[in-house]
Each structure stands twice: as structure tokens, then as C-alpha cells.
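One-letter residues, chain by chain:
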Amino acid sequence: MRLAKSKLLNTALLKHQLQEGGAPIPLFKKTIKRAHDQLRRHQNEGGSSAELVEKYTWMIDQLITLAWHQSMRNTADIAMQLIAVGGYGRGELHPYSDVDLLILLQEPDYENIQQPLEGFLRFLWDIGLEIGHSVRSINDCLKAARGDITIMTNLLEARHLAGDEELLGELDDKLRNGRLWSAAKFFQAKFQEQEKRHKQLQDTAYSLEPNIKESPGGLRDLQTVLWVYNRHYGIRTFREMKEQGHINDDEYRVLIRARNILWKIRAGLHLNNKRREDRLLFDSQRELAAEFGYHDTQAHLAVEQLMKRYYRTAKQVIYLNEILLSHYRVANSSRFAIAVPKNIGGDFVLKNKMIAQRRADLFKRKPQAMLKLFVLMQQHKITAIHPDTTRAIRSNLDLINNNFRADPKSRELFLQLFKDEGVGLTNALARMNAYGLLGAYLPVFGAIVGQMQHDLFHVYTVDGHTLMVIQNLTRLRKYPDEYPLASELLAELKQPERLFLAALFHDIAKGRGGDHSVLGERDAYQFCIDHSLSEDDAKLVGWLVLNHLIMSHYSQRRDISDPAVIQEFAELVGDQEHLDFLYLLTLADIRGTSPKVWNAWKGQLLLELYNATRAALRQGAVTLINEPEYVEDSQRAAMELLQSQLSKTQLNQRHIEEFWGTLPNDYFIRNEPFYVAWHAASLSQNTAIDIPLVSVRYSERLEANMFFVFAPDSRQLLTRVTAAFDALELNIIEARLQLSNNGLALYSFNALVPEAEMAKTTDYMQFLQERLRHLILQNHDSKAIRRRNASRALKHFPIQPKVTFSFNNPKYTAIDVVAQDQPGLLHNVARILQEFNIKLMSAKIATFGERAEDIFFVQSSDRAPVTDADTLERLRQELLGALDRRVDKPGQSASAGQ
């Protein structure tokens, strides 16, 4: 669909209406509204975004110049010029963008133009334009530009609208004469400006709600390229860059296509919101996906298809920005020009720390050299590639065909990348992905590039997450102090390339429909066989892909203090080698999902599961524990800890042994000796115990506070305790509840406090002890804690509450709860269990973004599993009702995670 200028503005008709006495403001406002309606129609019918921007800029030009001549007709004797600057100066005005103007004067004769100029600007505001303006003389402009790179940039892309055209020519000559912001300084300033902007936006194009203009891979990255080339070469458009030989035909097509896609999205954002809006928020993503003609399929939502197109576009923009700025730096660097090349591997040279092909036709003659290049980078610890070499890779990707992939030499080179014992694999794969080489060699990987995971749990695309997982693994080599055991295990692995291949393939089948673990296992196994790995190695890699979620599930969703659970997991793993590989992959995988998902507590759960399983495998996984012997060992270890921590006057061994005698064996099986010793010490140090006893400690390894509550058991005790935790906004991440044989309750909680920086301080922990005890003693009714209003983002990812029951342990019934993370979740569950006269014995609280996945282990009043079908169904309905409550007042504070 073509967008005729006459559909936006009939200039002759507007002038005629004004001459006939028509009120200017209503006429102009009506014209702009009609133009916006035409732009929307053009957009909805699939019209060109480039044409939309061009024609809308033309229309605003006509309106502003018409208003200028009407308002400033009595200032003809003053040498001045009306100039468009910024995006408007580039001719890239979007429907609700700011209209930036410069009124340029020969001399600073401000008084004589003040009154008509104020009228002109007021009129533009009155007709609905967002005006940014400055009034400066030529000297004022030069002075302002000298001190501000942004002003300098705006002036370089200035465009004449009305008035004395010679003024802008004079100003432009003085801007470019090299006396202020030389080309070299200008480049450096714009490059640093871009780096700062990227850092502010987390250095990723894969934000869930990207900013079309400012995010990495957005329009600003394209503009930065033009600004740099404009300052040095006077270039204002990508077409001029092509004509002057700075980009080739393919790069030009990619640039224009990427720009037009971003323009189309931005125009849609403006038109739908009826204001300037550059953030691609969840609301807008769904709306634009429908407008652009995307439809939900079995494998992909319409919004996922839209975002995949955006992310792939942003990836292309990042690549082109990197190449063109790198090319500029190299082409204008005297240091690079005089650098002496060093021969590397025959076909490559190292020059000024950049690897480069020796001959321009290398990849055409030897396509496998594209893979060899990255092997050499690993071997020589090179991190930069000459831009001409990068361009050559892009230009020869079509040579990576089935014959190339099947060639034993290609397969050997690709596999060699994964055998690197340093950290070079991360850089190699990231660059190969950026240049399209990784997806070309491995088409199944190419299919997940830009694939969005439409939830609040995954904050990266599938390819971005995969590379993050590999980076986390290589990081274990670089920073062994972060996770000492994991770093030690990785260093001792035989053929660690099997682990890195599993990381590459673990999510490779996402978006195809079906179980991605099952589909990915087949891909991984076949890849390994094709690349000459042994049958056993191929099976190990495939097994890791198939089971990459299982260790996370066991650590966070099963009761790993139960020896039967450890035995079950040990039997699933089978041997120490599989356990080591799976632990490392799981650790890297969870850490690579989202910065908000990983925490020290989840790391500790993984470590506890690993250690317990390793012990079980060493002893023989099928061997059941000897309870009396296990309890005796636990008490002995706890007593040794107590003797090392307490003085003889503090330690009442007889009193402790009598206390232990009141506890069931299950207490010692489910609690580490550390907890057993801590609980006993709390009681031993308080000869006259004030009931309830509350003790608080800080755990460095968990990066959380630990709470011990000791009190006579009652039906109301748990709801009072959980209500007290919620009142103090304590975010419970684990709860263990035991009963002594003489009717006393021992509650252990691990929780995150709202004042994280104070968590370790003695005064704060003392405050928590006293305040919790006071709240528990308060005689109040147990009421449900209402769920907070859903956040704006969560409204687009509704979490339907689910409650299921399982009976894996003969002692307990497990209640699995999936719901929106909300305040008082544990309290609300405890309140309902109290109504059903069901005992909560332990709980695990896990949050993934806004999603809570909790598991509660319960018993009936006679300490048996709850199995009655009618009771369970009524319990399920009550829990679902409590989990789906909404609050009436927005902004209610809450302690997430409980």
C-alpha cells in the first residue's frame, strides 16, 4: 500500500481555509488527527514503515513552515533560520516523537524576535506537537557544542526548514573544521556513550520488555554508526555509506531491513498508545503481534513469533554496529597501520591483537578455515577479530552446507572447540552465534536463535540462555573460589567436552512442541555419534540432556532429608560420573536462567543433594540406613560440635541427652548435626526457658537467617508462628517441623529478611527474636493473608493455582502447590490444614520469578499419611480458593516467597 502525501495533508486546501478566516488551531489539530488516522490505516494494511516515517516527516515540515511564515512574517529583516535537529533533523519523525527545532541567528538579537517566537512555539504546542527548541546564534551553537557531545551530534544532523539557508552552511563548516570534537575524539565519546547506555540496560538485547530505541540492538545503535561516519565523512544515510564503499550491498540490505522492522514496531507503539512510547511492554507485544498478522500455533504463541523477529533483528543490528564501528576504528588508526603482522597457523596473522585472514579469498578457497579461526583464537588466547575477517565469514556462510557439515575435518575442528581447557569456548561460541556461523553449522541451534520463552522465569532467549550456561561452566575455571567443589569437579572430569556438549544441547529442542528433553536427547546423541564420540560418551551426553531438570526437581521439590528420596535419586543417577556431570550442568543451568532465580539457598540445596547422593553411591544406593546407628552417629557429631562451641559451665550434657531422648529418630535423620547441636545449645543455655523459645542465627553458606522456635504444641501454634513471620516480612524459604514425644514442637525456618544488610548483625537478630516471640504470644484470631494485586507484567503471565497430592513416602502425604508468589502463602496453607486437623511436618518454598512452587509434607492427627479421597478433594478446593484471592487495595506490601 502506497501512502500518498495528499492523504496526509492537502496543503493548498489548508492555506485556503486559513485565508478564508478559519481558526488556525482547530484546523491544524484536525489535520494532524486525520494524518494519524491515515498512518494507522497504512500500518494496519502492512504498508512500508520507511514510507510512513518519510511522509509523516514531510507533513510536519509543511505544517511547521506554514506556521513559521504566519508567525514570523514581521521579522524578515532579521537574519535567522528555522532548522530541524535530532531525529526530526534526520528525517526520521515517528507519529508522536518530539519535534526538535533550532532557531539559528546570525547575531544574538533575541529581543526583537522574542514576542513572535513565543507565539510560534505556543501555537505548535497548542496544536498537539511535543516541541523541543533552542534559540542560539552561530557562536552560541559552537560554544554549546564544544561542551556537550549531544548538542554537537544534534547539530551535525541539522536540516533546513525555513529562513536564511546560508546560516546553517556557515555553522556546519565551523562544526567540521576540526577545532572542536575532532573525528577521533567524537568517535571515542560516542563509543563510550554507547557502552554506558548498554550497561544501563544490562548489556542485553534480550530483555523481556526491550526499549526499541535505547536497548542494545535498537535504533540508537544504528544512529551511532551514522553519527560517527557523519562526523568524519559527512555521511547522513546508509545509502551514502554504500555509495562511498563503507558497506557492501548485503550489509546495506540487512541494515535497511533491520531499521524498517524497528521503525514498524516503533510506529505501532506510538499509534497504539497515542503518545511517544519506545518500550515494547507486554501489553503492546500482544497487541502488535495481532496487528502484524501473527497467529498462535501449537509450538509458538503469536507474541513469541513477534519477539523472535525482534530479537533476531536486534542481533543483526548489534553485529552491524560492532563491524562498522570496528571497521572505522581500524581504518582510522595509525597504530594499526604501523603494526607488524605475526603469522599464525599459515592462513592467519595477528595484527594489533586482532586475528585476520592473510588473503581476502581464504574462506572461499578453504571454508573450513572459518572453524579453524576460532580454534586458533582459543589456542593463542585471542579475543578480537579484524572486521574484514568477520565480514568474510558472513559473506561465506552459504558454503556451510550438508557436505561441509559431513566432512570429518569440519567435525574435528568443531569438536576441538569444546576440548579447550580454558575459558575461550564462551567467546568462540558467542561470536559464532553473532556472526551466524553457529546456526549455519548446527541448524538445530539456528532454530532457537531469538526464541523467546514467554514467561517471567526465563529472562533470556533460548540461545542466550544456552550460551549463558556454557559461560557459567567456563567461569568455574576462571573463578574457582565462587563454587570450590564445582570447580574441583570440573577440573577432575575426564573428557569435559561431554559436559559442554550437553550444555549446548540441553534446550536445543525448545519450541518444537513435545518434550524438549526427549527431543534434545536424540539430537545430542546423534551429534555425538556423527562427531566420532564413542557410544558410551554419546549416551552420557544424551542422558544429561534428557535428565537436565531432574536434579533441580529433587533438590527443590522433594524432601532430601529423607534417606528414601536420596536412595531413589542415587538409583536414578547410577554412578559417581553421572552425578558429577549432572551436578555441574544443573548448577550452571539454574544460574543461567535469571539473576533473580538463583540464590545461595538453591545452591546449598543442590550441594546437599550432591553430597548425600555421593555418600549413598559410595555405600551402595540400595542399602537402607540403620536407624539406631544413624541416630547415634548424629548425636555424637552434634555433641562434638557442642563441646567445641560451649564452655563446661554452659554445657549440661545430661540435660541435652534427656532432651534428645524425647525426640523421635526422624528428628535426627531429617536434621544435620549442626541443627541438632544448635537446637540443643539454645535449650542448654537457657535454664529457665521462656516459652516460646525463639533463637535466630545467620548462615553464611545459605546467605539467610535461621530461626528456631520451641513451644508446646497446639492447633494454633503454626498459624501464629507463620503470621508472626509475615508481620515482620520474613521471606520463608524452608520450614521443618518436628514434635517431641512429650508434646513439644520444634520449628526450624530458613528465611530472608527485608533488611538484608542488617541480617548478620547481633542487634537485629536480637530484635527479631524478641519481636517474633511477642507476636507469637499475642492472642489473635488466625486470618487469611490476602493476595496482593498482580503486577503489570504478571497480568500477561497469569499463574493458575494448582494443588496435587503424592504419596512417595509412607510416612507423609506431599502437597504440591503452584501459584503466584504472594504474601503469607505458608500461613494460609497452615491455617487451612489446621481447619482439617492435619499436621504440617515440613515445607519447601521455591520461587521462580513471580511463580511459587512449594511442597508441603503433612500427616493426619494420628501421624499417618492423609489418604482419604474425600478429605483430599475438599482440602484441594480450600487451598485453591485461598491461593486465588485478590486484594482490594493496590500496593499492599508483601513478603514474597512465603
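Above this text you will find the structure in question.
Undergrad: Even after reading the chapter, I still don't get the overall build of the chain, so can you show me in this structure?
TA: Per the secondary structure count, the chain includes 41 helices and 17 strands. Each principal axis of the C-alpha distribution contributes one length, and for the chain these read about 105 × 70 × 55 Å. Within the span of the chain, comprising 898 residues, buried residues form 55% of the whole. Nonlocal contacts in the chain, meaning residues at least 24 apart in sequence, comprise 72% of its contacts between residues at least 6 apart. Per element, the accessible surface of the chain, about 39,100 Å² overall, is 48% carbon and sulfur. Computing the positive centroid from 111 side-chain charges and the negative centroid from 110, the chain places the two 5 Å apart.

Undergrad: Help me out: how do you make sense of helix 3 (residues 24-44) in this one?
TA: Because an α-helix packs 3.6 residues into every turn, residues spaced three or four apart end up facing the same way. The end-to-end C-alpha separation of helix 3 is 30 Å, in line with the 30 Å expected for 21 residues at 1.5 Å each. Residues of helix 3 that are buried: Leu-27, Phe-28, Thr-31, Ile-32, Ala-35, His-36, Gln-38, Leu-39, His-42 and Gln-43. Looking at the buried positions of helix 3, the neighbouring elements they touch are helix 1 (5-8), helix 2 (11-19), helix 4 (49-71), helix 6 (111-126) and helix 13 (249-273). Of the residues trailing helix 3, Gly-46 is marked for its positive phi of about 80 degrees.

Undergrad: Please clarify how the pairing of strand 12 (residues 744-752) should be interpreted in this entry.
TA: As a general feature of sheets, a regular strand has side chains that alternate between the two faces. Along strand 12, eight of the nine residues are buried, which leaves the element largely enclosed by surrounding structure. Where strand 10 (residues 704-712) and strand 12 come together, eight bridges link them in antiparallel fashion. Bridge assignment links Val-709 to a residue of strand 12, and that residue is Tyr-747. Sheet topology note: the strand 11 (residues 731-739)/strand 12 ladder contains eight bridges and is antiparallel. Paired with Ala-735 across the bridge in strand 12 is Phe-749. Where strand 11 hands over to strand 12, the hairpin turn is made up of four residues, of which Gly-743 adopts a positive phi near 85 degrees.

Undergrad: Looking at this model, I keep getting lost on unusual backbone geometry. Mind explaining?
TA: A negative phi angle characterises most non-glycine residues, just as the trans form characterises most peptide bonds. The residue Gln-495 is not glycine, and still its phi comes out positive at about 50 degrees. Inspection of the secondary structure assignment puts Gln-495 in the loop between helix 26 (484-492) and helix 27 (497-505). Of note in this structure, Glu-729 is not a glycine but carries a positive phi near 55 degrees. With respect to the helices and strands, the residue Glu-729 is situated in the loop between helix 38 (717-727) and strand 11. Take Glu-729: its relative accessible area is 34%, and that puts it in the partly exposed class.

Undergrad: What is the right way to look at the nonpolar core in this model?
TA: Generally speaking, a soluble globular protein has its nonpolar side chains buried in company with each other. Counting 215 residues, the largest nonpolar core has Ile-64, Phe-120, Phe-374 and Trp-660 as its most contacted members. Of all hydrophobic cores here, the second largest spans 53 residues; its members include Ala-724, Ala-843, Val-858 and Leu-875.

Undergrad: In this structure, what is going on with helix 22 (residues 424-435)? I would like to understand it.
TA: For helix 22, spanning 12 residues, the distance from its first C-alpha to its last is 17 Å, which sits close to the expected 16 Å at 1.5 Å a residue. Every buried residue of helix 22 is accounted for by Leu-425, Thr-426, Ala-428, Leu-429, Arg-431, Met-432, Asn-433 and Tyr-435. Among the residues trailing helix 22, Gly-436 stands out with phi positive, at a value near 90 degrees.

Undergrad: Please clarify how the sheet that holds strand 8 (residues 384-385) should be interpreted in this entry.
TA: Sheet strands associate in pairs through backbone hydrogen bonding, adopting either a parallel or an antiparallel arrangement. Pairing in this open sheet of four strands is mixed, and the strands run 5-6-7-8 from one edge to the other. Edge positions in the sheet fall to strand 5 (342-344) and strand 8, since each has one partner strand and no second. As defined by bridge partners, strand 6 (residues 348-351) adjoins strand 7 (residues 354-357) across four bridges and the pair is classed as antiparallel. Looking across to strand 7, one finds that Val-349 is bridged to Ala-356. Strands strand 7 and strand 8 of the sheet are contacted by helix 19 (residues 387-395), whose axis makes an angle of about 50 degrees with strand 7.

Undergrad: What should I look at first to understand the side chain of Ser-517 in this one?
TA: Topologically, Ser-517 is positioned in helix 28 (residues 516-530). Leave out the neighbours within four places in its chain, and Ser-517 touches Val-545, Leu-546, His-548 and Leu-549.

Undergrad: Help me understand the pattern of salt bridges in this model?
TA: If the charged atoms of two oppositely charged side chains come close together, the side chains can form a pair. Inspection of the entire model under this criterion finds 45 salt bridges. One salt bridge connects Arg-558 with Glu-568, and the closest N-O pair in it is separated by 3.1 Å. One end of the pair, Arg-558, is in the loop between helix 30 (550-557) and helix 31 (563-573); the other, Glu-568, is in helix 31, and 10 residues separate them in sequence. A salt bridge links Arg-831 to Glu-835, with the shortest nitrogen-to-oxygen separation between them at 3.0 Å. Note that Arg-831 and Glu-835 are positioned in helix 40 (residues 825-835) at a spacing of four residues, about one turn of the helix. Residue Arg-831 is classed as buried on the basis of its relative accessible area of 11%. When its relative accessible area of 47% is taken as the criterion, Glu-835 is described as partly exposed. Three or more residues are tied together by salt bridges with common partners; here these are Arg-197, Glu-214, Arg-220 and Asp-221.

Undergrad: Sorry if this is basic, but what is going on with the sheet that holds strand 2 (residues 99-105) here?
TA: Taken in spatial order, the four strands make up an open sheet running 3-2-1-4, and their pairing is mixed. The sheet is open, and its two edges are formed by strand 3 (131-137) and strand 4 (159-163), each paired on a single side. Each neighbouring strand pair of the sheet contributes to a mean axis angle of 25 degrees, computed without reference to strand direction. Here strand 2 pairs with strand 3 via seven bridges, running parallel. Residue pairing in the sheet places Leu-101 in a bridge with His-133 of strand 3.

Undergrad: Sorry if this is basic, but what is going on with empty space enclosed by the protein here?
TA: Counted according to the given criterion, the structure contains five cavities of 30 Å³ or more. By volume, the largest cavity amounts to about 60 Å³. For the lining of the largest cavity, the elements supplying multiple residues, two or more each, are strand 11 and strand 15 (839-844). In terms of residue class, the lining of the largest cavity is built from four nonpolar, two polar and five charged.

Undergrad: Can you help me understand the packing of aromatic side chains in this one?
TA: Given two aromatic rings, one states the distance between the centres and the angle between the planes to describe the pair. Inspection of the entire model under this criterion finds 31 aromatic pairs. Ring geometry for Phe-187 and Phe-191: centres 5.9 Å apart, planes at 20 degrees, overall stacked. Residue Phe-187 and its partner Phe-191 are both found in helix 10 (residues 183-200); the two are separated by four residues, about one turn of the helix. Both residues of the pair, Phe-187 and Phe-191, belong to the buried class. Between the aromatic rings of Tyr-554 and Phe-569, the centroid separation amounts to 5.0 Å while the plane-to-plane angle is 45 degrees, which identifies the pairing as tilted. Of this pair, Tyr-554 sits in helix 30 while Phe-569 sits in helix 31, and the two are 15 residues apart along the sequence.

Undergrad: Even after reading the chapter, I still don't get the side chain of Asp-854, so can you show me in this structure?
TA: Mapped onto the elements, Asp-854 comes out in strand 17 (residues 851-859). Buried and without a salt bridge, Asp-854 has Arg-557 as its closest oppositely charged side chain, separated by 5.6 Å. Not counting residues within four places of it along the chain, the set of residues in contact with Asp-854 comprises Arg-557, Ile-815, Asp-816, Val-817, Leu-825, Lys-844, Ile-845 and Ala-846.

Undergrad: Help me understand the environment of Ala-724 in this model?
TA: Among the secondary structure elements, Ala-724 is positioned in helix 38. Overall, Ala-724 belongs to the buried group, its relative accessible area being 2%. Each C-alpha atom, one on Ala-724 and one on Gly-824, is 9.9 Å from the other, the two residues being 100 residues apart in sequence. The contacts of Ala-724, once residues within four sequence positions are left out, are Leu-772, Leu-775 and Ile-776.

Undergrad: What is the right way to look at the packing of helix 10 against helix 15 (residues 302-331) in this model?
TA: To characterise two packed helices, one gives the angle between the axes of the helices and the distance between these axes. It is at 12 Å that the axes of helix 10 and helix 15 come closest, and there the two elements cross at 155 degrees. By the angle between their axes, helix 10 is roughly antiparallel relative to helix 15. Seen along the crossing, helix 10 lies across helix 15 with a hand that is left-handed. Each of Ala-183, Phe-187, Phe-191 and Gln-194 in helix 10 lies in contact with helix 15, whose residues at this interface are Asn-321, Leu-325, Tyr-328 and Arg-329. Taken together, the residues of the contact of helix 10 with helix 15 break down into five nonpolar, two polar and one charged.

Scoring rules and cut-offs
Residues numbered from 1 in each chain as written. Predicted model: local features only at pLDDT ≥ 70, side-chain atom pairs only at ≥ 80, totals over all residues. Heavy atoms only, no water. Helix = DSSP H or I, 4+ residues; strand = E, 2+ residues; numbered from the N terminus. Buried < 20%, exposed > 50% of the residue type's maximum accessible area, 1.4 Å probe, protein only. Contact = heavy atoms within 4.5 Å. Areas by Shrake-Rupley, 256 points an atom, 1.4 Å probe, with all protein chains shown as cover. Lys, Arg positive; Asp, Glu negative; His and termini not counted. Charge placed at Lys NZ, Arg CZ, Asp CG, Glu CD. Expected span 1.5 Å × (residues − 1). Pairing = 2+ DSSP bridges. Core = buried A, V, L, I, M, F, W, Y, C linked by side-chain atoms within 4.5 Å. Axes fitted to C-alpha atoms, helices over the stretch in contact; angles between N-to-C directions. Salt bridge = Lys/Arg side-chain N within 4 Å of Asp/Glu carboxyl O. 1 Å grid on protein atoms, 1.4 Å probe; cavity = no way out; pocket = protein on both sides within 12 Å on 5 of 7 lines; lining within 4 Å. Points joined across faces, edges and corners; volume = space filled by probe spheres on them. Nonpolar A, V, L, I, M, F, W, Y, C, P; charged D, E, K, R; others polar. Phe/Tyr/Trp six-rings, centres within 6.5 Å; stacked < 30°, edge-to-face > 60°. Parallel < 35°, antiparallel > 145°, perpendicular 65-115°, else oblique. Left-handed = near helix turned anticlockwise from the far one by under 90°.

By themselves, these observations are geometric and do not establish any function.
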